[in-house]
Amino acid sequence: MANNNNQNIKDLKEALLEKLPSTRVREQELLCHHTTFKIGGPADLFIEPTTMDELSFTLRKIHESQVPVTIIGCGSNILVKDGGIRGAVVSVRHMTQIMDCNDNVLCIGSGYMLKDASEFAWENGLSGLEFAIGIPGTLGGAVFMNAGAYDGEMSHVVTSVLAVDFEGNIKEYDASHLDFGYRHSVFHDNHEVIGEVIMTLQPGDKDAIKARMDELTEKRESKQPLEYASAGSTFKRPPGYFAGTLIEQTGLKGLSVGDAQVSHKHAGFVINTGNAKAKDVLDLIKEVQKRVYDQHGVHLEPEVRMIGED
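This is a predicted model, so every value here is computed, not measured.

(A) Main features of helix α3 (residues 114-123). Burial in α3 covers these residues: Leu114, Ala117, Ser118, Phe120 and Ala121. Relative to the axis of α3, the buried residues are bounded by an arc of 160° and lie together on one face. Elements in contact with the buried residues of α3: β6 (98-102), β7 (105-109), β8 (126-127), α4 (139-145) and α6 (206-223). Looking one or two residues beyond α3, the residue adopting positive phi is Gly125, at roughly 65°.

Right, here's the structure in full:
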């Protein structure tokens, strides 16, 4: 079986090299280099398309080869396990074109960083993305998770999305078909790959927009352990509670397994203080869940997606 898989990977790589340069189709790529946690084993094949055409081609060839596929952006909300990921990993991180900026509408590639999109909007006198200034991750990941902070979220600004299914077909979704909810979008269910994001913003005063962005940046930097590798908030907000508050009240700040640690600065973050393994993080999450449940009767559900093999 392993030999068949290896041959499938070799054949897929050859097929992809018809359109993509070899620098963007690599075997046994360590995913710790592509996640904000700085954790993760190897991908059998790591692929970096830069355009909708390349993304469509890549997904079609993967489908034809019957190789399993995993999609990532900048790796900010995932924990890749130590065994890595079998099959193909497609990173949209380099899909960063700005296709349009007219009449308060931005059309931007899904790999564009959310922070950069917020700054681009400000530079063009557009308001509505201030909330996104400190959220780590790409536009595509932000739409996938309906990312939000400080009373703003992606559902407030996204008007349509271009996506690609796993057979390489390009589809368009307007806002009414995106099924946005708390940390949820339609792409959780249809598993299509976000390629371009269209947002409608409002004209605003540049000084006021910048002041709001600076205020939110200061808040985030003062409260969150941005100096350490992490995947952002580790747990979803349980109804009626705040995860970080529950963890702090349980006395778990600083609790460690290996180099994985509950942050002293914000208990809602598990951080990598050095060379943490995915197993350290998973064991720490389980321990936090157990102790919080024992003390408060509340089950904490991870917000971070765990992918790959042990």
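Let's pick the thread back up.
(B) How the structure looks around the sheet that holds strand β5 (residues 85-91). If you walk across this open sheet you meet the 4 strands as β1-β2-β5-β3, and the pairing is mixed. Every other strand in the sheet has two partners, leaving β1 (25-30) and β3 (69-72) as the edge strands with one partner each. Direction aside, neighbouring strands of the sheet carry axes that sit 35° apart on average. Bridge analysis of β3 against β5 gives 4 bridges, and the strand direction is parallel. Across the sheet, Ile72 pairs through a bridge with Ser91, a residue of β5. With respect to the sheet, helix α2 (residues 52-65) is in contact with β2 (42-47), β3 and β5, its orientation differing from that of β5 by roughly 165°.

(C) View of the packing of α3 against α6. Close contact between α3 and α6 brings their axes to 9 Å; oriented N to C, the two are set at 155°. Looking at the two axes, α3 sits roughly antiparallel to α6. On the side of α3, the interface is formed by Ser118, Glu119, Trp122 and Glu123, while α6 contributes Lys206, Ile209, Lys210 and Met213. Grouping the amino acids of the contact of α3 with α6 by side-chain chemistry returns 3 nonpolar, 1 polar and 4 charged.

Parameters and conventions
- Residues numbered from 1 in each chain as written.
- Predicted model: local features only at pLDDT ≥ 70, side-chain atom pairs only at ≥ 80, totals over all residues.
- Heavy atoms only, no water.
- Buried < 20%, exposed > 50% of the residue type's maximum accessible area, 1.4 Å probe, protein only.
- Helix = DSSP H or I, 4+ residues; strand = E, 2+ residues; numbered from the N terminus.
- Arc of directions from axis to C-beta.
- Contact = heavy atoms within 4.5 Å.
- Pairing = 2+ DSSP bridges.
- Axes fitted to C-alpha atoms, helices over the stretch in contact; angles between N-to-C directions.
- Parallel < 35°, antiparallel > 145°, perpendicular 65-115°, else oblique.
- Nonpolar A, V, L, I, M, F, W, Y, C, P; charged D, E, K, R; others polar.

In short, geometric facts, not functional conclusions.
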